[in-house]
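Okay, here's what each chain looks like letter by letter:
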Amino acid sequence: MEFVQSIWEQDLEYVALINDLLENEDLLKLETITHHHYTTRLTHSLFVSYVSYRIAKKMNLNVRAVARAGLLHDFFHEGREEIAAMEMGSHNCVHPKIAVENAAKITPLSELEKDIILKHMFLCSKVGLPRYKESMIVTCVDKYCAISEVSQPLREKTKAKMANLISRIRLVHA
């Protein structure tokens, strides 16, 4: 599943919040890294960022922190094998730490943004509970987006196989 770029690009308020980040070459390199088998790490991060932003906006929360930290939550270039070789813990525990370090190199981070990035894997690791509603939103949206990214192509393949099977059955019974 490819997150439609034109949706978030037309939301000028959202774009204004993240535009400076999208000028960073290291962040843009995430477009070359496959993520969740069917998308790129940058596309996934934009998906998480924009959906989280829309929810935070409806809830009158800190949309700037959510949009920016949502975009930066998976800001790492290492693969699973490279993270394992670091011997600092599991991928789920280590990559948020790398992401917050990388994010801090390109933009000042508030405590809220750090919490969002560091704790976005709390359901899958032992990083502690998120301290803010905004952190919970990004965490939940991250899981939603990951499931959507993985399941949509599988649903499409299954649908195509079923259509093929049904057409073959119709030929036999015709």
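Fair warning: this is a prediction, and the values are worked out from it, not measured in the lab.

Asker: Help me out: how do you make sense of the side chain of serine 52 in this one?
Answerer: Mapped onto the fold, serine 52 is located in helix α4 (residues 41-58). A relative accessible area of 0% places serine 52 in the buried class. Within the local environment of serine 52, its side chain forms a polar contact with the backbone oxygen of valine 48, the two atoms lying 2.7 Å apart.

Asker: Is there a simple way to explain the environment of asparagine 62 in this structure?
Answerer: Note that asparagine 62 resides in the loop between α4 and α5 (63-72). Classification of asparagine 62 as partly exposed rests on a relative accessible area of 34%. Dropping the residues within four chain positions of it, asparagine 62 is found in contact with Leu112 and Glu134. Polar side-chain contacts of asparagine 62 include one of 3.3 Å to the backbone nitrogen of arginine 64.

Asker: I would appreciate a short explanation of the packing of α4 against α5 in the present structure.
Answerer: The axes of two packed helices give the description: the angle between them and the distance between them. Contact pair α4 / α5: the axes reach a minimum separation of 7 Å and the direction vectors enclose 165°. The angle between the axes of α4 and α5 places the two elements in the roughly antiparallel class. As for how α4 packs across α5, the hand of that crossing is right-handed. In this structure, α4 contributes Leu42, Ser45, Leu46, Val48, Ser49, Ser52, Tyr53, Ala56 and Lys57 to the contact, and α5 contributes Val63, Val66, Ala67, Gly70 and Leu71. Here the contact of α4 with α5 is composed, by residue class, of 9 nonpolar, 4 polar and 1 charged.

Asker: Would you mind going over α5 with me for this structure?
Answerer: Structurally, the α-helix is built with 3.6 residues per turn, so residues lying three or four positions apart point the same way. In terms of burial, α5 is largely enclosed, as 9 of its 10 residues are buried. Among all positions in α5, only Val63, Ala65, Val66, Ala67, Arg68, Ala69, Gly70, Leu71 and Leu72 are buried. For α5, the side-chain oxygen to backbone nitrogen distance between the N-cap and arginine 64 is 3.3 Å, and the N-cap itself is asparagine 62.

How each quantity is defined
- Residues numbered from 1 in each chain as written.
- Predicted model: local features only at pLDDT ≥ 70, side-chain atom pairs only at ≥ 80, totals over all residues.
- Heavy atoms only, no water.
- Helix = DSSP H or I, 4+ residues; strand = E, 2+ residues; numbered from the N terminus.
- Buried < 20%, exposed > 50% of the residue type's maximum accessible area, 1.4 Å probe, protein only.
- Polar contact = N/O pair within 3.5 Å; in protein donor to acceptor, adjacent residues only side chain to side chain.
- Contact = heavy atoms within 4.5 Å.
- Axes fitted to C-alpha atoms, helices over the stretch in contact; angles between N-to-C directions.
- Parallel < 35°, antiparallel > 145°, perpendicular 65-115°, else oblique.
- Left-handed = near helix turned anticlockwise from the far one by under 90°.
- Nonpolar A, V, L, I, M, F, W, Y, C, P; charged D, E, K, R; others polar.

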